[in-house]
Amino acid sequence: MHNVGRISSSGGKNKEGKLQKITLLYLEKAHLLLSKLNLERQNFPFEDIANIAEHYNLERYISLLIKHIDLVDRRILKGETIPHHEKMMSIFETCTEWVAKGKSRPSVELGKKVSVTSDQFNLIVYHKVMNNEQDRDIVLEISDEILKKHQIASISFDKGHWNSDNKKLLELEIPLVILPKLGKHTAKEKEMEDSKFFKRLKNKHSALESNINELEHLGLDRCPDRNYHHFKTYIALGICAYNLKKIGKKILENQLKALSGKRAA
């Protein structure tokens, strides 16, 4: 479905009218394709498992085409604001989400958010593939999972994880909770966040950014595998490889130190 014209992103004279016209033409072609698929699918072979799998895929793509036609009609022709949970970011990887980066370039990306938690040795002790969740929604889940296996003297999050209930509940189990507040501070909150111990532990959190960059350089900036199950497996294997690399590097450093000590003696 192409060659239906193009509208300049900068606008131009009668942009709205042109957009309506080109959308009608686009939807006409989409409906023709849908009619052809519905007419011809009964003629497709149905003899073995491979044929059945192809029928299943065809049915899935037909349903996605119907949804796409509906979204385009409602958004452009009827002027509706489509609720986020109804939007379709990809017909191939339907788990894909619209991710707001909080930065100017790029401000948004299409993909899947992954939360990682590292310890004082920069080893990743927990990770979670997020499903239409905000950072603040998973704070308690992360903490609960880590507390099951580790004793924690302090825990640090960035501002995106802020929620007053999160902080109160975390402080019941963890002595030091570094969770910078979003918005206006009380005098007591400002005094606490300006304290040396708060700043020292908060600054340690910046090391996580370098861990994330290292993960991306190791191949987790893009997943070559298809479907959600394989995506989660790829992420887990990548994090395992990251930890093994960190541990191996430390073992080599200790061996070199021991060897240097023997030579000096």
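Rules used in this analysis
- Residues numbered from 1 in each chain as written.
- Predicted model: local features only at pLDDT ≥ 70, side-chain atom pairs only at ≥ 80, totals over all residues.
- Heavy atoms only, no water.
- Helix = DSSP H or I, 4+ residues; strand = E, 2+ residues; numbered from the N terminus.
- Rg over C-alpha atoms; globule rule 2.2 N^0.38 Å.
- Areas by Shrake-Rupley, 256 points an atom, 1.4 Å probe, with all protein chains shown as cover.
- Pairing = 2+ DSSP bridges.
- pLDDT = per-residue confidence, 0-100.
- Buried < 20%, exposed > 50% of the residue type's maximum accessible area, 1.4 Å probe, protein only.
- Polar contact = N/O pair within 3.5 Å; in protein donor to acceptor, adjacent residues only side chain to side chain.

**Some details on the overall build of the chain**
Next, step 1: What the chain contains, in helices and strands, is 8 helices and 6 strands.
Next, step 2: Counting from the amino terminus, helix and strand elements in the chain follow one another as α-α-β-β-β-β-α-β-α-β-α-α-α-α.
Next, step 3: Computed over the C-alpha atoms, the radius of gyration of the chain is 26 Å, more than 25% above the 18 Å expected from 2.2 N^0.38 for a compact globule of 265 residues.
Next, step 4: Dimensions along the principal axes, computed over C-alpha positions, put the chain at roughly 80 × 55 × 35 Å.
Next, step 5: Carbon and sulfur atoms make up 54% of the accessible area of the chain, which totals about 18,900 Å².

**Regarding the pairing of strand E4 (residues 124-129)**
Next, step 1: Inspection of the sheet shows strand E3 (residues 114-118) paired to E4 by 5 bridges, in the antiparallel sense. Within E4, the residue paired with serine 118 across the bridge is isoleucine 124.
Next, step 2: Here E3 hands over to E4 after 5 residues, with asparagine 122 in that stretch at a positive phi of 65°.

**Some thoughts on the confidence of the model for the chain**
Next, step 1: Looking at the chain as a whole, its pLDDT mean stands at 86, while 93% of the residues score no less than 70.
Next, step 2: Per-residue pLDDT, averaged within each element of the chain, yields its smallest value for helix H6 (residues 196-205) (73) and its largest for E4 (94).

**Some words on the side chain of asparagine 51**
Next, step 1: Mapped onto the elements, asparagine 51 comes out in helix H2 (residues 49-77).
Next, step 2: Residue classification places asparagine 51 among the buried positions, given a relative accessible area of 14%.
Next, step 3: Of note is the side chain of asparagine 51, whose polar atom sits 2.9 Å from the backbone nitrogen of glutamate 47.

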